[in-house]
Structure formats: C-alpha cells, structure tokens
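Coordinate analysis (summary)
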Amino acid sequence: MRLIQTINQGKICFFLLVLLSSLYSCEKDSTPQDPTEKDPLELQKRFAYDILTDIYYWYKNVPSDIEPSGVETIHAYFDTLLAPQDRWSWMMTGKEYLDSESGIAESYGISLGQPIEHYNDYSVKVRYVHPGSPMDVKGVKRGYTLTHLNGTPVASLIANGTFNQVYSRPSNNFTFLNHSGQETSFTATREIINTRSSLIATVYDNNDYNGLPGKIGYFNYLSFKAGMMEDIDNAMNLFKSNDISELILDLRYNGGGDNRATELLANYIAPSSAQGEILARREHNDKYNSWDQDINTQTIINRKAGALELDRIFILTTKGTASASEIIINGLRPLMEVIQIGETTYGKPNGMYVLPYPDGNYDNPEYVFLPICYFSVNSEGEGHYLNGLVPDHIRPDDLYHDFGPQDDWIQSVFIYITEGKFPALPSKPSAFSHTSSPGKIIREEDMENYGIFSVIPKNSYLPKPARSK
C-alpha cells in the first residue's frame, strides 16, 4: 500500500513538473524577442525601410509591395525600395566608406578617357595620374595613349567588349605612346594606394604665359574629402602668400564629396561682399521641410582668415564634375563672377545624409546608407539642374597634353585674361593612334552611384523615425 502511494505521489510530482515546465515555456514564448537575438539581416532591412519611408526625399514613392524575406541581401533590398526617379541613392559597407574618406583604394593609379567630343578620336588616353601610384612610378603622364594590353590592341579589346574585364585584372602588361609618340611597355600591378584630394596647386605668372598681368592660382581638386581638408588649406595658403589676382579651379574630374570640405573651400574663395550670405540651402521632403529655413541646414559663407580677395573665378568642368562640385558652382554664381569653361556637368543637384548602421555608429559602421534626402539650391533658389550646369564657354577636354600652360583649357583662360576673349576651338591633332570607332570605354562618371554630396547631420538634426525594434 505504501509502495502504491509512493508511486502515485511520484506520478503527481512528475505531472506537476511537466505542467510547470509547460507553463514556463508558454510564458517564455509570449515574451517579446530581444532585438539583439533577431536575424541581423532582418534588423538591417528594418533600418533601411525606416529611413527610406521617413527622411528619404521620395519617401511617398517607396514601393509598398516588397516582401523583405524574399530579398537575400541588404544591398538588393535597399535598391528595391528606391523610388523610380532616383538615380543617385546608394549604400556601401562601413569599410568602403571609411576607406573612401581616407583615400584608400586598390588601383593602377590612373583615370582613362577618350577625346571623342570635337576630336572624334576614340583612342584611350590618360586623364590624370595619382602621385605615388604604380603608373606614376612608371613615368606615365596625362595625355599618354594606351595602345595595347598584354600585346593585344586596345581597339580590339574595346570592339569585342573585353577591355574593362582585361583592364581590371590585378596585373597587366601595358603599352603607351608618350607625348612625342614614342612607345613604352611595362608590367604593372594594382596596389593599395592612398590618394589625395588634390592633384595640383600651383601659381602661374608672366614667365609661364607672356602678358599675364599678375599671378594666377591653379587648383586641380579631385574630391571633397573631409579627412583631407589640409589639401585645401595648403593650396589656399600658397595662393594667399603669392597674392594671386585670379584663380582657376579645375573640377573637371571631381565627383563631389563631403559638405564640410565644400564649405571650407567656399569660405576661402567667396569675396568679402559674400560674408554671411547663403552658399547653399537644403530643400527636404514635407516631413522635414521645417528644416529648410534653419541655419543648421544651410551653408553660410564665413570667410576664413587668409581668404582670397577675388572678383571672379574660372571653373573648369566636364561630365565628371558632379554633386559637391556643382554645389560650389551654383552657390558661388550669385555671390561673384563665375566663368565656367568646358563641358556640361553631370547633373546631381541633390544630397545625402550619411546614415550609419548600427544607428549613430560613425566610427565603425557595418553599413552606411546614403539616400537622397534633399535638393540643394543657392541663395536665389536655383538648383534643380537635372541635366547639369552648362558652361559659359564650351570647349572639349584636351587629353593630348599634361596639366599646365600647354593644356588647352588653362591656356584659354590665360588668353581670356590677357585679351578679354576666348580663342577659337582647337584643331584636330595631326596624328592619332586610330580615329575609327571601336566603341567607348566606361569612365568613372559612367558607373552607377557616381557623384556625392554628403552631410553628417548635427545631433539635433538627425532623422528620428519611429524605428521598429
């Protein structure tokens, strides 16, 4: 009897344990899941969705029928949410963002182009060379012609559609023609290089071009890098110490960058009459349009100590001139005489807020989202130049000479300064590596996500959507 009672008690205890365990399990399952235990990709997608339905300029046009679970990567999901009219927004890994800000890139160190406009020349020429890069070490200069890769004519590679594939290999044998038509061949390997935001800062005078009435500053600025603003300081200090009377700002290959560098450059260039004036202000979506007139979202001229004393500025542009570069041109036009020379710019009149993931982590982000959040306009409200800024004087880019007094655009400015008018357009050079049309190569400005005008918003102006947890 005692045994039966013990067994029955054991059964009851076991039943109670099972019941308590079941109740505890049910209670645990009904507790909201800790966000840190969620699928990382799910959290990334939620973050992307929240910013694109809030601070994004076209938030009303974000597709509402996208099933997040059906998209395998955060990059793909971000792209599916973009409005149809948006050709500018993008995202990158945190490493890519930090590397871009510090100028770190793997490259041969040159930019290539073709002088097709006006010259009808499809040969592949060097547009610029990064100092210290593999190509610079080999002595390659702007204006050199790339004729062969690994012994195969470049024209053949372009014609059969393999040029970019071959050129992007980690190592190639290159054959160039120099400015005198002499051939040189060598093997080069792509390397991690530290690019600078400025190519050249120099001063020209009567010794460089006869008849110049004073000293002329020349600043070839490649990218508005917030981490390299000393490049701007150093150039402007050089110009100030030489008491230049004119400035040529070469932005022909400048795809933009950070608002802080844009503001610094403008504060050196704008005349004293522009002190306190608006260089640029932002136009946000209707959720954030209260910001539009706030001083915290405007770029106000606050001249630097050592600012230049200029009445006008000459700015050189191509299709590669984008975003922050266009902000400078458009912003300075109401404030001083701007003479734009060259080709129509890219056409990116809007800008992004830099939004890191995890939220607020700018030091070590996993991803960085750069959605278009505003359009930028100048003090007169002008700025929706979707088709680019048209030059005051149109001239084809001179890819036959190195930068300097021999460059057609720089020489044209000298002629304008001394004679009051621009010269006739250049004639076609007498010798080409070829003049037929094998096709076009892809330049930096032809790639997706070209052009950037980014702002890290001040803490009080960070977008604060109701983030899902």
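Everything that follows concerns the structure shown earlier in this document.
To start, this report covers the structure provided alongside it.

Cut-offs and rules
- Residues numbered from 1 in each chain as written.
- Predicted model: local features only at pLDDT ≥ 70, side-chain atom pairs only at ≥ 80, totals over all residues.
- Heavy atoms only, no water.
- Pairing = 2+ DSSP bridges.
- Helix = DSSP H or I, 4+ residues; strand = E, 2+ residues; numbered from the N terminus.
- Salt bridge = Lys/Arg side-chain N within 4 Å of Asp/Glu carboxyl O.
- Buried < 20%, exposed > 50% of the residue type's maximum accessible area, 1.4 Å probe, protein only.
- Contact = heavy atoms within 4.5 Å.
- Right-handed = clockwise from strand over helix to strand, strands pointing away.
- Polar contact = N/O pair within 3.5 Å; in protein donor to acceptor, adjacent residues only side chain to side chain.
- Axes fitted to C-alpha atoms, helices over the stretch in contact; angles between N-to-C directions.
- Phe/Tyr/Trp six-rings, centres within 6.5 Å; stacked < 30°, edge-to-face > 60°.
- Core = buried A, V, L, I, M, F, W, Y, C linked by side-chain atoms within 4.5 Å.

Examining the sheet that holds strand E10 (residues 198-204)
With mixed pairing, the six strands of this open sheet are ordered in space as E10-E11-E12-E16-E17-E22. The outermost strands of the open sheet, each flanked by one partner alone, are E10 and strand E22 (393-394). Looking at chain direction, strand E12 (residues 246-250) and strand E16 (residues 312-317) are connected through three bridges and run parallel. Looking at the pairing, Leu249 lines up with Ile315 of E16.

As for the pattern of salt bridges
Opposite charge on two side chains lets them pair, provided their charged atoms get close. Under the definition given, this model contains 22 salt bridges. For the salt bridge of Arg281 with Glu283, the shortest nitrogen-to-oxygen distance reads 3.8 Å. The residues Arg281 and Glu283 share a single accessibility class, namely buried. Three or more residues are tied together by salt bridges with common partners; here these are Arg127, Lys319, Arg443, Glu444, Glu445 and Asp446.

Here we look at the environment of Glu337
Mapping Glu337 onto the fold places it in strand E17 (residues 337-342). For Glu337, a relative accessible area of 41% translates into the label partly exposed. Sequence separation between Glu337 and Ile313 is 24 residues; the distance between their C-alpha atoms is 6.4 Å. Ignoring sequence-local partners within four residues, the contact set of Glu337 consists of Asp311, Arg312 and Ile313.

A few points about the pairing of E12
Most of E12 sits out of view: five of its five residues are buried. Alternating residues of E12 divide into Glu246, Ile248 and Asp250 and Leu247 and Leu249, and every residue in both groups is buried. As defined by bridge partners, strand E11 (residues 216-221) adjoins E12 across five bridges and the pair is classed as parallel. Across the sheet, Phe219 pairs through a bridge with Leu249, a residue of E12. One crossover worth recording links E11 to the parallel E12 by way of helix H8 (residues 230-241), and it is right-handed.

With respect to the side chain of Arg312
As for its position among the elements, Arg312 is in strand E16. Residue classification places Arg312 among the buried positions, given a relative accessible area of 19%. Within polar-contact distance, the side chain of Arg312 engages the side chain of Glu246 at 2.7 Å. Ignoring anything within four residues of it in the chain, the contact list for Arg312 reads Glu246, Met336, Glu337, Ile339, Tyr416 and Ile417.

A few points about the sheet that holds strand E1 (residues 90-93)
Read across the sheet, three strands follow the order E1-E20-E19 without closing on themselves; strand pairing throughout is antiparallel. Only two strands of the sheet have a single partner each, and these edge strands are E1 and strand E19 (355-357). Averaged over all neighbouring strand pairs, the angle between strand axes comes to 20°, with direction disregarded. Here E1 pairs with strand E20 (residues 367-370) via four bridges, running antiparallel. Opposite Thr93, over in E20, you have Tyr367 as the bridge partner. Its contacts with the sheet place helix H2 (residues 40-52) against E19 and E20, and it is angled at close to 165° to E19. Seen against the sheet, helix H4 (residues 94-102) touches E1 and E20 and runs at an angle of roughly 95° to E1.

Considering the packing of aromatic side chains
Considering all chains together, one arrives at 30 aromatic pairs under this definition. Judged by centre distance (5.5 Å) and plane angle (75°), the ring pair of Tyr204 and Phe414 falls under edge-to-face. Here Tyr204, found in strand E10, pairs with Phe414, found in helix H11 (residues 408-419); they are 210 residues apart in sequence, far enough to count as distant. Using a relative accessible area of 8% as the deciding quantity, one classes Tyr204 as buried. With a relative accessible area of 0%, Phe414 lands in the buried category. Here Phe314 and Tyr416 contribute two aromatic rings whose centre-to-centre distance is 5.8 Å and whose plane-to-plane angle is 75°, an arrangement assigned as edge-to-face. Of the two residues, Phe314 sits in strand E16 while Tyr416 sits in helix H11, which places them 102 residues apart along the sequence. Of the two residues, Phe314 and Tyr416, neither departs from the other in class, the shared state being buried.

With respect to H4
All of the buried residues along H4 are Gly94, Tyr97, Asp99 and Glu101. Where H4 is buried, its residues meet E1, strand E2 (104-107), strand E13 (256-258) and E20.

What about the nonpolar core?
Note on soluble globular proteins: their nonpolar side chains tend to be buried together. The biggest cluster of nonpolar side chains holds 79 residues, and the ones touching the most others in it are Leu249, Leu265 and Phe369. If you tally residues by element for this core, the top one is helix H9 (residues 259-269), at six residues. The contact partners of Phe369, leaving out residues within four places of it in the chain, are Phe47, Ala48, Ile51, Ile74, Phe78, Trp90, Met91, Tyr353, Val354, Leu355 and Tyr357. If you look at the next biggest cluster of nonpolar residues, it comprises 24 residues, including Tyr128, Tyr204, Ile410 and Ile417.

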